Amino acid sequence: MEARTGLALLMILMVIGKGEAQLVEGFYGPTCPNLEAIVQQAVATKRSQTFVTIPATLRLFFHDCFVTGCDASVLIASPNGDAEKDAKDNLSLAGDGFDTVVKAKEAVEAQCPGIVSCADILALAARDVVVLAGGPSFAVELGRRDGLVSQASLVAGNLPEPEFDVAQLNAMFAKNNLNQLDMIALSGAHTLGFSHCDRFANRIYSFTPSSPVDPTLNPDYAKQLMEACPQNVDPSIAINMDPVTPQTFDNVYYQNLIAGKGLFTSDEVLFTDSASQSTVVEFANSSADFNAAFVTAMRKLGRVGVKTGRQGEIRRDCSAFNS
């Protein structure tokens, strides 16, 4: 009996070891000691060219990790249009996010060829854009390898949708070892960036037959949304997700939720649902509490589905598997 128990414990430890345990801070210290400075410089240069660099890179990291793990599979380009990035839910990922990783990878390869994975570069870049927008800095655990699979068919059902309620959000985040507090903190990334009108049009034109406008929307904000996104508007038109401080990483997103100015249903429900409301109020009142929770959640997010050893590779080109 004791032998079986010991064997079971060993197997559990082995399973755990395949995930989080192999990521460490300073992983490339002996092999690419200037890695973080190289990536930071490349990201800063890209940011100086366009602000879109910031929300695009942060969103790219999230979309990568939630589909087959943080393995840079979202960066793969397929001539057949069937890679992860080609899935419907990923078509709105801005090109500047991809370009940020490409530029950083080129800079890293120039000094440390064949050593650093695209997955780790994306994780570092996601941290760096948060800092550039005024958010908290934090240590990034490294040691990921790049995934060997990228299929559009694997995306559906693995990314949160704008009409999700709190229970649906919690269920999806739980699949990735993230709890409700992590979910609410990571939702705060919507303090940056923009969204296309078709992602929230139902809230201002067809919410229910008796109430075309979502009653949880601030009336003045609903009017602003209608003016920015008239019916049958060009689907490429986009508006800021945070109408107050759209280019600053701050806790104003949560203040907006309290004021009825959450852009998506999946934003506003964080305040209207009693299960999550107190956390929204806490973050709205304390940027320190929000920043601390966001850092914890980002580090946990970075451990999702990590590939190590033979599970992956170090790509020479982030957009293509090694041949």
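All residue numbers refer to position in the chain's written sequence, counted from 1. In view of the model being predicted, local features appear only for residues whose pLDDT reaches at least 70, and side-chain atom pairs are presented and counted only at 80 or more, with totals across whole chains, interfaces and linings using the full set of residues. Remark: hydrogens and water are excluded; side-chain values derive from all non-hydrogen atoms of the structure.

Per an unreviewed UniProt entry, the protein chain is named Peroxidase, and its organism is Tripterygium wilfordii. UniProt positions are given in the numbering used here, feature names are shortened, and annotations may be inferred rather than shown by experiment. Taken directly from UniProt, the Subcellular location (unreviewed entry) text for the protein chain runs: "Secreted". In its Function (unreviewed entry) section, UniProt records this for the protein chain: "Removal of H(2)O(2), oxidation of toxic reductants, biosynthesis and degradation of lignin, suberization, auxin catabolism, response to environmental stresses such as wounding, pathogen attack and oxidative stress. These functions might be dependent on each isozyme/isoform in each plant tissue."

A. Just the packing of helix 7 (residues 180-187) against helix 12 (residues 274-285), in detail. Every axis in this analysis is a line fitted to C-alpha atoms, fitted for helices over the stretch in contact. Angles between the N-to-C directions lie between 0 and 180 degrees. Helical segments are the DSSP runs of H or I of at least four residues, strand segments are the runs of E of at least two, and each set is numbered from the N terminus. Viewed as axis vectors pointing N to C, helix 7 and helix 12 meet at an angle of 50°, and their least axial separation amounts to 11 Å. It follows from the interaxial angle that helix 7 and helix 12 lie oblique. The interaxial crossing formed by helix 7 with helix 12 has right-handed handedness. Contacts between helix 7 and helix 12 involve Gln180, Leu181, Ile184 and Ala185 from the first element and Ala275, Ser276, Thr279, Val280 and Phe283 from the second. Residues that form the contact of helix 7 with helix 12 fall into these classes: 6 nonpolar, 3 polar and no charged. Any angle from 65 to 115 degrees is called roughly perpendicular, while one under 35 is roughly parallel, one over 145 is roughly antiparallel, and all others are oblique. Take the far helix as the reference: if the near one is turned anticlockwise from it by less than a right angle, the crossing is left-handed, and if turned clockwise, right-handed. Any pair of residues with heavy atoms lying within 4.5 Å of one another is described as a contacting pair. Side-chain classes are defined by residue name, with Ala, Val, Leu, Ile, Met, Phe, Trp, Tyr, Cys and Pro counting as nonpolar, Asp, Glu, Lys and Arg as charged, and the others, Gly among them, as polar.

B. Representation of the packing of aromatic side chains within the structure. Pairing of aromatic rings covers Phe, Tyr and the six-membered ring of Trp, with a centre-to-centre limit of 6.5 Å; geometry is then stacked below 30 degrees between planes, edge-to-face above 60, and tilted otherwise. Counted according to the given criterion, the structure contains 11 aromatic pairs. With a centroid separation of 4.4 Å and 25° between ring planes, the pair formed by Phe62 and Phe66 is classed as stacked. Separated by 4 residues within a single helix, Phe62 and Phe66 lie in helix 3 (residues 53-66), roughly one turn from each other. Each member of the pair, Phe62 as well as Phe66, carries the same accessibility label: buried. Between Phe283 and Phe290, the ring centres sit 5.8 Å apart and the planes meet at 50°, which makes this aromatic pair tilted. Relative accessibility decides the category of a residue: with a 1.4 Å probe and only protein chains considered, values under 20% of the type maximum give buried, values over 50% give exposed, and everything between is partly exposed.

C. A look at the state of the cysteines. Our working definition of a disulfide is a cysteine sulfur pair at a distance within 2.5 Å. With the rule as written, the count across this model stands at 4 disulfides. Between the sulfur atoms of Cys32 and its disulfide partner Cys112 the distance amounts to 2.1 Å. Measuring the twist about the S-S bond at about 80°, one finds the Cys32-Cys112 disulfide to be right-handed. Of this pair, Cys32 sits in the loop between helix 1 (2-17) and helix 2 (35-49) while Cys112 sits in the loop between helix 4 (95-111) and helix 5 (118-132), and the two are 80 residues apart along the sequence.

D. Seen up close, the environment of Phe51. When you line up the elements, Phe51 lands in the loop between helix 2 and helix 3. Taking the C-alpha atoms as reference points, Phe51 and Gln247, separated by 196 residues in sequence, lie 7.7 Å from one another. Phe51 has contacts with Leu192, Pro246 and Gln247, leaving out every residue within four places of it along the chain.

E. Examining the UniProt feature "binding site: substrate" (unreviewed entry) in the protein chain more closely. UniProt annotation of "binding site: substrate" (unreviewed entry) refers to Pro160 when read in the numbering used here. You can see Pro160 is positioned in the loop between helix 5 and helix 6 (166-174). Among all residues touching Pro160, those that are not within four sequence positions of it are Phe62, Phe66, Leu169, Met172 and Phe173.

F. Examining helix 6 more closely. By the burial criterion, the buried members of helix 6 are Val166, Leu169, Met172 and Phe173. All buried residues of helix 6 lie within an arc of 130° about the axis, which places them on one face of the element. In this fold, the buried residues of helix 6 make contact with helix 3, helix 7, helix 11 (265-272) and helix 12. The backbone nitrogen of Ala167 lies 3.2 Å from a side-chain oxygen of the residue at the head of helix 6, namely Asp165. Directions are taken from the helix axis to each C-beta atom, and the arc is the one they span. N or O atoms within 3.5 Å of each other form a polar contact, as long as, within protein, one can give a hydrogen and the other can take it, and as long as residues adjacent in sequence are counted only when both atoms are side-chain atoms.

G. A look at the environment of Arg203. Positionally, Arg203 belongs in helix 8 (residues 202-205). Look past the residues within four positions of Arg203 in its chain and what remains in contact with it is Pro212, Val213, Asp214, Thr216, Leu217, Gly262, Leu263, Phe264, Thr265 and Glu268. Within the local environment of Arg203, its side chain forms a polar contact with the side chain of Thr216, the two groups lying 3.3 Å apart.

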